[in-house]
Amino acid sequence: MPVLDPNPQHGQKKMLLVFGAFFAIFIVIAVIATLASP
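Given the structure is predicted, the values throughout are model-derived calculations rather than measurements. (Residues numbered from 1 in each chain as written. Predicted model: local features only at pLDDT ≥ 70, side-chain atom pairs only at ≥ 80, totals over all residues. Heavy atoms only, no water.)

**So, the overall build of the chain**
Then, number 1: If you tally the helices and strands in the chain, you get 1 helix and 0 strands.
Then, number 2: For the chain, the proportion of its 38 residues judged to be buried stands at 3%.
Then, number 3: Here the chain has roughly 4000 Å² of accessible surface; of this, 79% comes from carbon and sulfur atoms. (Helix = DSSP H or I, 4+ residues; strand = E, 2+ residues; numbered from the N terminus. Buried < 20%, exposed > 50% of the residue type's maximum accessible area, 1.4 Å probe, protein only. Areas by Shrake-Rupley, 256 points an atom, 1.4 Å probe, with all protein chains shown as cover.)

Here's what the structure looks like:
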């Protein structure tokens, strides 16, 4: 796993995609926690 990506824009897009997926999972967990709370 290289620290510096040879293709910067592709690496930036991949990082943005991973960050978006992580944020979406966080929102789903927050919604489930809100629905599960009495």
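**Quick notes on the UniProt feature "transmembrane region" (unreviewed entry) in the chain**
Then, number 1: With numbering matched to this structure, UniProt assigns "transmembrane region" (unreviewed entry) to residues 15-36.
Then, number 2: Secondary structure across residues 15-36 divides into 100% helix and 0% strand, with the first and last C-alpha atoms of the span separated by 31 Å. (UniProt positions renumbered as here; feature names shortened; annotations may be inferred.)

**Observations concerning a nonpolar patch on the surface**
Then, number 1: Taken together, the side chains of Phe23, Phe26, Ile27, Val31 and Leu35 present a nonpolar region at the surface, about 540 Å² in accessible area.
Then, number 2: Looking at the secondary structure, you find Val31 in helix α1 (residues 8-36).
Then, number 3: In this structure Val31 comes out as partly exposed when scored by relative accessible area, which is 43%. (Patch = residues over 30% accessible without salt bridge, like charges linked within 9 Å, V, L, I, M, F, W, Y side chains within 5 Å. Salt bridge = Lys/Arg side-chain N within 4 Å of Asp/Glu carboxyl O.)

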